[in-house]
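Listed below are the residues making up each chain.
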Amino acid sequence: RNPFKKYFAQGLNVSLSTDDPLLLHVTKEPLMEEYSVAAQVWKLSSVDQCEIARNSVLQSGLEHRFKRHYLGRHFQLPGAQGNDIRQTNVPSLRLQYRTEQLMEEMTMIRDGVNELIQK
């Protein structure tokens, strides 16, 4: 079973891609096909799909000038600070929530490690 939806729901930075477009896809646009299938199978909203596409651009090896073009001038900043909703269609509140959750998890990990060290 593919864990994509679970990982996305938990706030992990996930993206969609094509494995082998010549063997596994039936259209001339394999990446669009991946998004269409994912939207149907996992009941993804348009905002979910935009966030996943944003993640894909951030994770890509594109030059910064292209990332700036697709995501906005401040794409390198974390969370809502780096979001330009006019470019990404991802609400800043969602990205702020993701960032806050990540910081909370990092704090829990740090506190757990400190506890182990003190024992």
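The following refers to the structure shown. Note that the structure is predicted; figures quoted are calculated from it, not measured.

Attention now moves to the packing of aromatic side chains. Applying the stated rule across the entire model yields 2 aromatic pairs. Measuring from centroid to centroid gives 6.3 Å for Phe 4 and Phe 8, while their planes differ by 5°, and the two rings are stacked. With a gap of 4 residues between them, Phe 4 and Phe 8 both fall in helix α1 (residues 4–9), about one helical turn apart. Each member of the pair, Phe 4 together with Phe 8, is buried. An aromatic cluster is defined as three or more aromatic residues linked by ring pairs; in this entry it consists of Phe 4, Phe 8 and Trp 42. Its guanidinium or amino end placed over the ring of Phe 8, Arg 98 lies 4.9 Å from that ring's centre, counting from NZ or CZ.

Take the environment of Arg 94 next. Tracing the sequence through the fold places Arg 94 in helix α7 (residues 92–118). For the pair Arg 94 and Phe 8, spaced 86 residues apart in the sequence, the C-alpha separation amounts to 12 Å. Beyond its immediate stretch of four places on either side in the chain, Arg 94 contacts Phe 8, Ser 45, Val 47, Asp 48 and Glu 51. Within polar-contact distance, the side chain of Arg 94 engages the side chain of Asp 48 at 2.8 Å.

Together, Leu 102, Met 103, Met 106, Ile 109, Val 113 and Ile 117 line one region of the surface with nonpolar side chains, adding up to about 600 Å² of accessible area. As for its placement among the helices and strands, Val 113 is situated in helix α7.

In this structure, Phe 4, Phe 8, Val 14, Leu 16, Tyr 35, Ala 38, Ala 39, Leu 44 and Ile 52 together form the largest nonpolar core, which totals 9 residues. If you list the elements that add at least two residues to this core, you get α1 and α3 (30–41). At 3 residues, α3 tops the list of elements feeding residues into this core.

With that settled, consider the side chain of Lys 67. Assignment of secondary structure puts Lys 67 in helix α5 (residues 64–71). Buried and unpaired, Lys 67 has no salt bridge, with Glu 63 as the nearest side chain of opposite charge at 11 Å. At a separation of 3.0 Å, a polar atom in the side chain of Lys 67 contacts the main-chain carbonyl oxygen of Leu 58. Among the polar contacts listed, one links the side chain of Lys 67 to the backbone oxygen of Ser 60, at a separation of 3.0 Å.

Its place among the elements puts Gln 96 in helix α7. In this structure, the C-alpha to C-alpha distance between Gln 96 and Asn 83, residues 13 residues apart in sequence, is 9.5 Å.

Moving on to the pattern of salt bridges. Counted under the stated rule, the structure contains 6 salt bridges. Taking the shortest distance from any N to any O, the salt bridge between Arg 94 and Asp 48 comes out at 2.8 Å. With Arg 94 in helix α7 and Asp 48 in helix α4 (residues 46–59), the pair connects residues that are 46 residues apart, well separated along the chain. For Asp 48, a relative accessible area of 10% corresponds to the buried category. The residue Arg 65 makes a salt bridge to Glu 63 at a minimum N-O spacing of 2.8 Å.

Scoring rules and cut-offs
- Residues numbered from 1 in each chain as written.
- Predicted model: local features only at pLDDT ≥ 70, side-chain atom pairs only at ≥ 80, totals over all residues.
- Heavy atoms only, no water.
- Phe/Tyr/Trp six-rings, centres within 6.5 Å; stacked < 30°, edge-to-face > 60°.
- Helix = DSSP H or I, 4+ residues; strand = E, 2+ residues; numbered from the N terminus.
- Buried < 20%, exposed > 50% of the residue type's maximum accessible area, 1.4 Å probe, protein only.
- Lys NZ or Arg CZ within 6 Å of the ring centre and 35° of its normal.
- Contact = heavy atoms within 4.5 Å.
- Polar contact = N/O pair within 3.5 Å; in protein donor to acceptor, adjacent residues only side chain to side chain.
- Patch = residues over 30% accessible without salt bridge, like charges linked within 9 Å, V, L, I, M, F, W, Y side chains within 5 Å.
- Areas by Shrake-Rupley, 256 points an atom, 1.4 Å probe, with all protein chains shown as cover.
- Salt bridge = Lys/Arg side-chain N within 4 Å of Asp/Glu carboxyl O.
- Core = buried A, V, L, I, M, F, W, Y, C linked by side-chain atoms within 4.5 Å.
- Lys, Arg positive; Asp, Glu negative; His and termini not counted.

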